[in-house]
Structure formats: C-alpha cells, structure tokens
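Examination of the molecular architecture
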Amino acid sequence: MRHLEQEIQSLRQDVIDMWKLVISQVANAGEAVLSFDKELAQKVSMREKKVDAYELKIDSECENIIALHQPVAIDLRFVLAVLKINSNLERIADFAYGIARTFITNPSVILDAELITDTKLNVMIQQVNTMLSQGLDAFENEKSDFASAIFSEDYQVDEININAARIIADYIQKNPDRAYDCLQLIASIRKLERIGDHCSNIAEEIFFYIDAKVLKHAPRK
Amino acid sequence: MTSDIRHKKMLTIDAKNVDFYYSEFHALKNINIEVEKNKVVALIGPSGCGKSTFLRLLNRMNDLIDGTRMTGSVLIEGKDIYAPNIHVDELRKEVGMVFQKPNPFPKSIFENVAYGLRVNGIKDKTFIEERVIESIKSAALWNEVKDKLNKSAFALSGGQQQRLCIARALAISPKVLLMDEPASALDPISTSKIEELIYELKKDYTIMIVTHNMQQASRVSDKTAYFYLGEMIEYDDTIKIFTNPTELSTQNYITGRFG
C-alpha cells in the first residue's frame, strides 16, 4: 500500500472511532434524559474530553497529510471532507454533553412522561441517532446513497422542534409551576434539532467526498 | 559520556563543525547534523547552497576534486570517515550512492547488480545469485526484470534503470544510502515508485536525499535540512519544517516566495 494510502487509512479509522464514540454519547445523553439516569449523564460528561482529543488528533492528521503528501482528487476531497466532518462531530458531541449536563446540574428537573410523548422527544432522540449511524455507514462503505435519507430525516427533526414549542407553551399555561422544567426540556429539544442540522452537514460532506457533488445551500425537496 | 549518548540515539551520521572549501570558495559553513539509524533525511535549498557538496562529503566523493579542503569531522556509525586509517573503498561499501541520472554499466541486469560483489572479491556463485535477487527485490524491480536478467541494462526504461542502480547500491549491504536527486530525470509514475521505494528502504537503511522538489522532500523524509549559501539554516522534523518552520528564510523557500 502506498504511503499516502496508509496515512489516509489511519485517518479514516480515527474518524470512524470518533464517530462511534459520538454516536454512543448522543445515545447515552438521550437515554439519560428519557430514563432520568443521572449516572449515565455523568458518563457522557466524563467522556466529552475523549471526543475533544479525537478532534485535535484528526485536525493534526489532516494538516500533516496536506503539508506532506499534497493529496489530489478523491484523496483531497476526503481530507477536506474529514476536516469538516470532524468539527461537525465535535459540535454534536458538545450538544450531547450539554443535554447530559442539564440533568446533572438541575437534579430537581422532572419531565412529565406525557409531555415527552407529546413533544416527541423520544422520537427525536431516536431519529438523530439513526441519522448519525446512517452517516457512519455511508462514510465507512463509501456509499453516498446511504446518507441520502439524512436530509429528509432532518426535516422531520425540524418539524418536531417547531411543534414542540407550541406544545410546551400550552403545557406551561396549564402548569405554570413546571415552567423551569419545561425550559430545560425545550433547551434539550433545541440541541437535538442542531444535532440534526450537523448530521445534514455531514451528509453533504459525504456527497462531496464520494461523488464530488456540492449539495451545500442547494434547494432540496 | 558523549559516546554513551550517541549510542542511545543510534546515530548513523554525525557531522560536526564541517567547513568545506573549493579552493577559496567557502562552500559549507560550520555544518552540524545528526542522523539517527533508519531515518530519511532530505536536504533542500536553492542551487549552489551546498547540499550536494555535503552529500558527497559523506562518502568522500569530493576527494576527487583538486583544491578542495575540509575541516571538522564526519562520523558514520561512530567512525571518523576522514581518519587516516580509513580506506575510501571500504567506506563506499558502507555508504552507497545513487545519482541524478541512472548510470547502469554496459552489462546485463544481473551483472550490474553483481558488480559490487565481484569487485569486492566475492566468488561464491550461490551467494552472489541470492544477493542479486534479494537486492533487485528490495529495489522493487523484480517483477519487471525476473525473466530478463541476462538482457542488457540499457534495455530498461529510465525509471527501471534508476531502480537497478539502487539495487546495485544495495547489493553490497551498505548502512547508508545517499541519493542525489534520484528522481529528477524521471516521469511522475517512476518518481512515485522511487519515493515509495525510499519509504520501504528506510526499514533497513539510513538514507540521505538531495532534492529540488520540496514536495518530494515532504513525502519521503523524516527530517529535512534547509541549506542556503553554504549554511544549514534549519534542520528539524519534516512535519515541523512543512507546517511551521522556525526560520522565516525556510518558510520563504518552501512556500516559493524565494529561491
């Protein structure tokens, strides 16, 4: 295997490892919220530094590959895409950390089970996890098709976010003493919505890397 | 004490306070460079900066030029190669060289590689044959020539001839391989093969390469030395040189702003 290919292979493996870690961070943060599991939230909080370390390592690997090997064509697109996927993954992990922290720093917050169902928080958590996994599948197998569903799923996540505002506003009117808890809930929903956006950005980068197509800012159905 | 430190770092090349003159011209000024075993070092810098002169000091090729003078010391695996008891022929068994233009002998492919062994008095046919095959394989040329070892070396392409010259240098099991712009006369595919070969060869050899192609230096070397007007301006890890060199002059050269 050529020297550059070895470097790219090792970079690819680091991205895959980071991706799996981020998937488990998001899954655990979601699970912690749904099951009020503070221990699990602590676990997410403690593993955040590991994600940051991956981000720095991958950035440095990209810099070295560009400086030392002058990649071109698909190799260049790969490195450029990885740089952006890397920062998107790190942001996603930050949101997972933020969600987990909400329930660590506000131990008195209790979410109404009915409200969770009505806002579709559980569906949202499930959805972003699926999007993250689809992205990883597409990246690992170099099949951009695997990432194409992510765009429409992001719309569904956006929809849940928009509807949640109305549902939560109504709930606060009926239960004003729960306003604080509801603000925490809406903050987490916003974070999940942003995770969906970052998954969509990642999907764009996968299309750029594999198919050399620029989907960024392109109108979609 | 010093030798203990050297031993720990496994220095293959250790040049200290080297000055070199072509008559009155001061071509190298106080060069100090340490190279660890199994590393590739690239020498870069504009034409006339002294990098080839320095490379040729390492196997005493400059001895052949009248009016030259050197001060300082060059140790190869701890031995001062300019000491009076050192025979140049013996030194060149330890330090092989590959030149800019492939220079095979007007002999068969096999005999080109066997040449160094024969002039060193080796007569054991089996040993020679094994060594020749091994060297051609190490030079990543075997698959292309295995069926025509008795054909003339001139029948090979330029890139193949250069790899043959590398095989010839490897046959006598040197410790150090010097390469003076080994790919500058080759097309991009042959160049890429030579670069990949260098990457493989460093597992067994310590390599110093002079190149005008900075991208080549960045791709193949572990350490890079930047020479300018006979001085070694900067010598550091290649990653450091190509991402954040210490000296502005190095940065200006590698970014193409100067030179």
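Note: the structure precedes this text.
Keep in mind the model is a prediction, meaning the values are calculated, not measured. (Residues numbered from 1 in each chain as written. Chains lettered and ligands numbered in written order. Predicted model: local features only at pLDDT ≥ 70, side-chain atom pairs only at ≥ 80, totals over all residues. Heavy atoms only, no water.)

1. A few points about the nonpolar core
As a rule of thumb, soluble globular proteins bury nonpolar side chains together. The biggest cluster of nonpolar side chains holds 70 residues, and the ones touching the most others in it are Trp19(A), Val22(A), Ile85(A), Leu121(A), Leu132(A), Phe139(A) and Ile206(A). Those elements that place two or more of their residues in this core are α1 (3–34), α2 (38–69), α3 (73–105), α4 (113–119), α5 (121–141), α6 (149–174) and α7 (179–211) of chain A. Setting aside chain neighbours within four positions, we find Ile206(A) in contact with Trp19(A), Ile85(A), Gly135(A), Ala138(A), Phe139(A), Ser144(A), Ala147(A) and Asp211(A). Within the second largest apolar cluster, 46 residues are counted, among which are Ile128(B), Ala169(B), Tyr205(B) and Met214(B). (Core = buried A, V, L, I, M, F, W, Y, C linked by side-chain atoms within 4.5 Å. Buried < 20%, exposed > 50% of the residue type's maximum accessible area, 1.4 Å probe, protein only. Helix = DSSP H or I, 4+ residues; strand = E, 2+ residues; numbered from the N terminus. Contact = heavy atoms within 4.5 Å.)

2. Describing the environment of Thr105(A)
Residues and elements named next belong to chain A. Among the secondary structure elements, Thr105 is positioned in helix α3. Residue Thr105 is classed as partly exposed on the basis of its relative accessible area of 47%. Sequence-wise, Thr105 and Asn86 are 19 residues apart; in three dimensions their C-alpha atoms are separated by 28 Å.

3. A word on the interface of chain B and chain A
The interface is formed by 9 residues belonging to chain B together with 10 residues belonging to chain A. Summing both partners gives a buried area of about 930 Å² for chain B against chain A, and 53% of it is carried by carbon and sulfur. Broken down residue by residue, the surface that chain B buries against chain A is led by Glu196(B), Tyr199(B) and Arg219(B), which jointly contribute 47%. Between the two partners, chain B and chain A, sit 0 salt bridges. Put simply, chain B and chain A have 6 residue pairs in polar contact (both at pLDDT 80 or more) between them. Elements with a contribution of two residues or more to the side of chain B that touches chain A: α8 (188–201), α9 (214–220) and α10 (238–243) of chain B. Element by element, the count of residues in the side of chain B that touches chain A is highest for α10(B), at 4 residues. (Buried area = accessible area lost by both parts, 1.4 Å probe. Salt bridge = Lys/Arg side-chain N within 4 Å of Asp/Glu carboxyl O. Polar contact = N/O pair within 3.5 Å; in protein donor to acceptor, adjacent residues only side chain to side chain.)

4. Notes on the pairing of strand β9 (residues 223–228) of chain B
All names here are of chain B. With 4 bridges joining them, strand β3 (residues 40–44) and β9 adopt parallel strand pairing. By the bridge assignment, Ala42 is partnered in β9 with Thr224. Counted between consecutive antiparallel strands, the loop separating β9 from strand β10 (residues 231–237) contains 2 residues, among which Leu229 sits at a positive phi close to 50°. (Pairing = 2+ DSSP bridges.)

5. A few points about α7(A)
If you check α7(A), its first and last C-alpha atoms are 48 Å apart, about what 33 residues at 1.5 Å a residue would give, namely 48 Å. At the C-terminal side of α7(A), Ala212(A) shows a positive phi close to 60°. (Expected span 1.5 Å × (residues − 1).)

6. Re the pairing of strand β2 (residues 25–36) of chain B
All names here are of chain B. Two elements, strand β1 (residues 11–22) and β2, share 8 bridges in a ladder whose sense is antiparallel. Considered in β2, the bridge of Tyr21 is made with His26. Hairpin connection of β1 to β2: 2 residues between the antiparallel strands, including Ser23 at a positive phi of 50°.

7. Side note on the packing of aromatic side chains
If you walk through the whole model with that rule in mind, you get 9 aromatic pairs over all chains. On the numbers, 5.9 Å between centres and 25° between planes, the contact of Phe78(A) with Phe139(A) is stacked. Note that Phe78(A) is positioned in helix α3 and Phe139(A) in helix α5, a separation of 61 residues in sequence. Grouping residues by exposure puts Phe78(A) and Phe139(A) together as buried. An angle of 85° between the planes, with centres 5.1 Å apart, marks the rings of Phe20(B) and Tyr22(B) as edge-to-face. (Phe/Tyr/Trp six-rings, centres within 6.5 Å; stacked < 30°, edge-to-face > 60°.)

8. Describing the pattern of salt bridges
All names here are of chain A. Here the structure, examined in full by the defined rule, presents 22 salt bridges over all chains. The salt bridge involving Asp170 is made with Arg166; its shortest N-O contact spans 3.8 Å. Within this pair, Asp170 and its partner Arg166 are both found in helix α6, separated by 4 residues, close to a single helical turn. Residue classification places Asp170 among the partly exposed residues on the basis of a relative accessible area of 31%. In this structure, the salt-bridge partner of Asp181 is Arg178, at a minimum N-O distance of 3.1 Å.

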